[in-house]
Each structure stands twice: as structure tokens, then as C-alpha cells.
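Spelled out from the first residue to the last, the chains are:
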Amino acid sequence: MSEAVIGVDLGGTNVKAAVCSRDGKLIAKDSRPTDAENGRDAVLSRIEESIDAALAEAGFTRSDMLAVGMGVPGPMNWQTGVLFSPPNLPGWKDVPVADLMHERLGVPVFVDNDANVAAFGEFWGGAGRGVQSMVLLTLGTGVGGGIVVFGRLLRGIDGTAAEIGHLCVKRNGRQCNCGAKGCLEAYASVTGMLRTAVKGIEDGHETLLTTLCGGDLSKLTGKMISDAVAQGDGFAEWVMEQTGVWLGTGIGSLINLLNPEKVVLTGGMIAAGEVLFRPIRETALAQSFDVPGRRAEIVAAGLGADSGVIGAAGCALERLQTGGAPQAS
Ligand SMILES: [Zn+2]
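Residues numbered from 1 in each chain as written. Predicted model: local features only at pLDDT ≥ 70, side-chain atom pairs only at ≥ 80, totals over all residues. Heavy atoms only, no water.

Peer 1: I'm lost on unusual backbone geometry in this one. Help?
Peer 2: Keep in mind that most residues, glycine aside, have a negative phi and that most peptide bonds are trans. Of note, Phe150 is a non-glycine position whose phi angle comes to about 50°, a positive value. Relative to the helices and strands, Phe150 is located in the loop between strand S9 (143-149) and strand S10 (152-153). Overall, Phe150 belongs to the exposed group, its relative accessible area being 62%. Positive phi is not limited to glycine here, since Asn172 has a value of about 55°. Relative to the elements of secondary structure, Asn172 occurs in the loop between S10 and helix H4 (185-188). For Asn172, a relative accessible area of 60% gives the class exposed. (Helix = DSSP H or I, 4+ residues; strand = E, 2+ residues; numbered from the N terminus. Buried < 20%, exposed > 50% of the residue type's maximum accessible area, 1.4 Å probe, protein only.)

Put into C-alpha cells, the structure is as follows:
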């Protein structure tokens, strides 16, 4: 009986593969360079090699594979498994990656976007294990997200749902990269947090950060803000708290909209701990209705960098079981 569900995380630098059990446990994994500069077929071969290595590590062979799920960046059609033009895979245009990998591997292959896959990973085997409804926010250069409702990803009719970073939290607010103004991402991503810090310093606040960045505010990083918080810098704590308030504002709306059991946060910023989580929880509670506000637990992610591969495997299994648009075999 086929027992190995394979998850692949296809990035521009590395391809990772993992063998998971049917109940969301990671059995073995592999990571190797993507070789993106050598073109499409080289990348597909790297994926195949990574899967074979993870299978061997787990003591399985290809005949044990049930299905393969792949988390990929950039715009795609999740139903047909065609990637349009991923920014970190040069030369790829309208590549039917699910079909091409199916030809190589002989089992159903499913493709999903990386933020959705990470959300499903936390739902299936991480901080959201055992719940029915969950929201994931990834806090990095931008704010990404994924939403699981009654055990299924909320995708929307075109597969574009759950762009949580572009919830409007302030009318006519900061300019966002998406072209709109006042998006959560413009305040609560690492980039947004740095904008808050730079403005405060330019307004004359005294802080260790000025020394840490050598007087050049364009060199300020999220790590410097965390370091300054750890050293008891009051201004850096204020910056972190403001970022938490913006996050809590967006999360409060999500809680009213979705009534989730958990809101899971991931990304380097969450290492700040309570300095960030306290204002998030307080603001979200104040911003939401009583019942869903008390229901929703706001917690740190449990899988770290493995959420992508585990989630890709979970998505594949879920789509296999529910008939979610596999390609012809
Ligand atoms: Zn935006």
C-alpha cells in the first residue's frame, strides 16, 4: 500500500523534498540547489533527485509514493498546475509543471502557491494541528497568508484569496507595493516596521538603533530592532509595539470575518516574543467581537522552515482525497 506522501518546496535557490506519513508526520527530507540558471529541465531533474534522496532516507522507493504536492512561488493556475512566470525561475513561462512531473514520477502531482502550502502545513502538522479553522500570517519582507476553513484551503474562484497582507488597515495610509494605500503589509512586514522606525528617528527620537546602523538609516534591519529591544531600548520596544498594534488591527478583522480557532504567525519577527505578541493579542481582542475574540488563539508557528514541504504533502493528500483537480493520468 502506498504510504509516502511527498512534499516539494521549489525555491529559486534551493529545492526541498520531504516524505510525510498520511497523518502529517515528516519522515525524511532532502535539500539541494535548484540550479535555476541551467534551465527548466535541469530544475525538474533536481526535484526528481531530491524526491529520490528523501525516499531513500525514509527507506521507501518510488512504488511507495501516493502523490506529490509542490509549493511554488509566483502566479499560477493551481487547478491545471501551470506556472505563469515565476520571478525566481528565469526563463520559465507557462510551464505545465504538474504534468511534467507527473510524466517523470507516474503519480498524481499537485501544485499550490507557497503561502497557502505553508498555511496548510501548520494546519496539518504544526501549530494548527487538530483545529478546523486557522489563519496563517507570514511576516517577512511582505506579509503573506493562508486560510483554512473546515479543513480546506480558502482559495477563491481564481485561486487568489487570502492576500492578508493587503487588507486595508488605514484609509489613505502608507503606499503599498501593490499600488493601493494603507495595506497591512505597509505597516506590519519587516519593511513596514523599518519604515516606522526610520520615521521615528527622523522625528528626533533617541535610540540605540542610530548607533547600530552606523548612522545610516538605510542600513537598518529587523534584526537590529530585535537586538535593540533585547538591550532594553525604549524606542525599539515602541516600534515593535506599534507593529504589533497594526497586526492586531488586521487580525481583529480576520477574527470577525472567519471566527478561526487559531491565528498562527511565522517569520523571523516572531522571535521578539511577548513584546510583539502582547500588543497583537490586546488589539485583536479589542477589535473583534467577544465570542470569536476569546475563541481565537494567536500563536507562533510550530514547523519553522519545514511548513512548506509538509504543507505541500498535506495539500496533495487533501486534493487526492477530495478530487481537487488532478491532471489526467
Ligand atoms: Zn497592498
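There's more to say after this.
Peer 1: Honestly, the packing of helix H7 (residues 222-230) against helix H8 (residues 234-258) in this entry has me stumped. Any pointers?
Peer 2: Helix-helix packing is described using two parameters, namely the angle between the two axes and the distance between the axes. At a minimum axis distance of 8 Å, the contact between H7 and H8 shows a crossing angle of 120°. Between H7 and H8, the angle falls in the class oblique. The chirality of how H7 crosses H8 is left-handed. Residue-level contacts link Ile225, Ser226, Ala228 and Val229 of H7 to Ala236, Glu237, Val239 and Met240 of H8. Tallied by class, residues from the contact of H7 with H8 come to six nonpolar, one polar and one charged. (Axes fitted to C-alpha atoms, helices over the stretch in contact; angles between N-to-C directions. Parallel < 35°, antiparallel > 145°, perpendicular 65-115°, else oblique. Left-handed = near helix turned anticlockwise from the far one by under 90°. Contact = heavy atoms within 4.5 Å. Nonpolar A, V, L, I, M, F, W, Y, C, P; charged D, E, K, R; others polar.)

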